[in-house]
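Listed below are the residues making up each chain.
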Amino acid sequence: MAKWGMVIDLEKCTGCQACSTACQMENNRLPGENYQDVLYYTEGKHPTPQLKWFPRPCMHCEEPSCMHVCPTKATYKTEDGVVLIDWDKCIGCKYCMIACPYGVRFYTDEKPLIEPNIKQVFKGDGDLSWNPPYKGPQQDPKHGVGIQPNGVVSKCNFCYHKISKAPKGTADLDESNPELVEYVPACVRTCAPKARYFGDLDNPNSQVSRLISDKQGTRLLDHTGNKPQVYYVSGGGAASGAVPGTRSNTKA
Ligand code: SF4
Ligand code: SF4
């Protein structure tokens, strides 16, 4: 069984947000609620500050604090290493949102980040929170895939509706392989500079494993003990200072 993980090369990432847009379309996201966000910040002081950016999906932690606090076991981990939410079990208590150190979960009934309230413009049918003009291919509440129902929490699912159908034993979901392209997560598939890699972290020969090893892959806020399955690398190795949360440690 694979242990799916992602590698993001910060040197290649141009901050274009194509990943965010592809994810919005694939996962019926509300405007402003990005499962796959790109955070912008400035570094350095006047007169030479620099604009920086940092792509940040759910980390699909090996030890997910969101899962440990969930009273209904709605948040769970699949055998292939993906952290999902069973919308049929979620009671919307938001404990998981407080426990996640990465701020990557969304509650349906929060005030919309962007006006007008698009949920009023495209009203949802039945239990669904809205009726997107663009619709992803699946509605699978047990795996937190599809249009978010009312009163539940959601987050990045690593495009579980795609990756779970990949042939067993696949080391890397490489979008340049025509036989695998349909299983590749939307953000990985759309990334023009090919800054994203997706594969089996347990396979020492997968490209993700080799990148992590060769380029000293770094995990965000690793001191929390959550053990993310999303790694960051850069040309000189992420440990050379490209990941914001680790910079002060690595310069010492
Ligand atoms: S990043 Fe947050 S939401 Fe995602 S698995 Fe880790 S603790 Fe849970
Ligand atoms: S909001 Fe839902 S997923 Fe989060 S802790 Fe409560 S029941 Fe679990």
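Residues numbered from 1 in each chain as written. Chains lettered and ligands numbered in written order. Predicted model: local features only at pLDDT ≥ 70, side-chain atom pairs only at ≥ 80, totals over all residues. Heavy atoms only, no water.

Caption draft 1: Representation of the overall build of the protein chain within the structure. Helix and strand counts for the protein chain come out as eight helices and nine strands. By its C-alpha atoms, the protein chain is 55 × 50 × 35 Å across when sized along the principal axes. Across the 252 residues that make up the protein chain, the buried fraction comes to 50%. When contacts within the protein chain are restricted to residue pairs at least 6 apart in sequence, those whose partners lie at least 24 apart make up 59%. Of the accessible surface of the protein chain, which amounts to about 11900 Å², a share of 53% is contributed by carbon and sulfur atoms. Averaging the coordinates of the 29 positive side-chain charges in the protein chain and doing the same for the 27 negative ones gives two points 4 Å apart. (Helix = DSSP H or I, 4+ residues; strand = E, 2+ residues; numbered from the N terminus. Buried < 20%, exposed > 50% of the residue type's maximum accessible area, 1.4 Å probe, protein only. Contact = heavy atoms within 4.5 Å. Areas by Shrake-Rupley, 256 points an atom, 1.4 Å probe, with all protein chains shown as cover. Lys, Arg positive; Asp, Glu negative; His and termini not counted. Charge placed at Lys NZ, Arg CZ, Asp CG, Glu CD.)

Caption draft 2: Up close: the site of ligand 1. Taken together, 14 residues form the shell around ligand 1, and within it Cys58, Cys61, Cys66, Cys100 and Arg105 come nearest. Per-class residue counts for the shell around ligand 1 are nine nonpolar, three polar and two charged. (Near = heavy atom within 4 Å. Nonpolar A, V, L, I, M, F, W, Y, C, P; charged D, E, K, R; others polar.)

Caption draft 3: Local environment of helix H7 (residues 207–214). By the burial criterion, the buried members of H7 are Val208, Ser209, Leu211 and Ile212. Seen along its axis, H7 keeps its buried residues to an arc of 165°; they face one direction. Within H7, the exposed residues directed more than 90 degrees away from the buried face are Ser213 and Asp214. Contacts made by the buried residues of H7 are with strand E1 (4–9), strand E8 (196–200) and strand E9 (230–233). Directly beyond the C-terminal end of H7, a positive phi value near 50° is found at Gln216. (Arc of directions from axis to C-beta.)

Caption draft 4: Geometry of the layout of surface pockets. Estimated volume of the largest pocket: approximately 210 Å³. Taken together, Met1, Ala2, Trp4, Asp80, Ile163, Ser164, Ala166, Pro167, Lys168, Gly169, Thr170 and Asp200 make up the full set of residues lining the largest pocket. For the lining of the largest pocket, the residue count by class is six nonpolar, three polar and three charged. (1 Å grid on protein atoms, 1.4 Å probe; cavity = no way out; pocket = protein on both sides within 12 Å on 5 of 7 lines; lining within 4 Å. Points joined across faces, edges and corners; volume = space filled by probe spheres on them.)

Caption draft 5: Here's a closer look at the nonpolar core. Core analysis: the largest hydrophobic core is formed by 46 residues, its most contacted members being Trp4, Met6, Phe158, Ile163, Leu173, Phe198 and Tyr232. Elements with a minimum of two residues in this core: E1, helix H1 (18–26), strand E5 (83–85), strand E6 (106–107), helix H5 (160–163), helix H6 (186–190) and E9. Setting aside its immediate chain neighbours within four residues, Ile163 contacts Trp4, Val82, Phe158, Leu173, Tyr183, Pro185 and Phe198. Of all hydrophobic cores here, the second largest spans eight residues; its members include Leu201, Val208, Ile212 and Val233. (Core = buried A, V, L, I, M, F, W, Y, C linked by side-chain atoms within 4.5 Å.)

Caption draft 6: Looking closely at a nonpolar patch on the surface. A surface patch of nonpolar side chains, amounting to about 300 Å² of accessible area, comprises Tyr40, Leu51 and Trp53. With respect to the secondary-structure elements, Tyr40 resides in strand E2 (residues 37–43). Judged by its relative accessible area of 38%, Tyr40 falls in the partly exposed class. (Patch = residues over 30% accessible without salt bridge, like charges linked within 9 Å, V, L, I, M, F, W, Y side chains within 5 Å. Salt bridge = Lys/Arg side-chain N within 4 Å of Asp/Glu carboxyl O.)

Caption draft 7: Spotlight on the site of ligand 2. Taken together, 13 residues are adjacent to ligand 2, and Cys70, Cys90, Cys93, Lys94 and Cys96 come closest. The class makeup of the residues in the shell around ligand 2 is nine nonpolar, three polar and one charged.

Caption draft 8: Unusual backbone geometry, seen in detail. Cis geometry marks the peptide bond from His46 to Pro47; its omega dihedral reads 10°. You can see Pro47 is positioned in the loop between E2 and strand E3 (50–56). The backbone of His60 shows a phi angle near 45°, a positive value even though the residue is not glycine. Structurally, His60 can be placed in the loop between E3 and helix H2 (65–69). With relative accessibility at 0%, the residue His60 sits in the buried group. Positive phi values are uncommon outside glycine, yet Leu221 reaches one of about 50°. Residue position: Leu221 is located in the loop between H7 and E9.

Caption draft 9: Structural context of the pairing of E2. Bridge count between E2 and E3: seven bridges; the pairing is antiparallel. Its bridge partner being in E3, Asp37 is matched across the sheet by Arg56. Hairpin connection of E2 to E3: six residues between the antiparallel strands, including Gly44 at a positive phi of 90°. (Pairing = 2+ DSSP bridges.)

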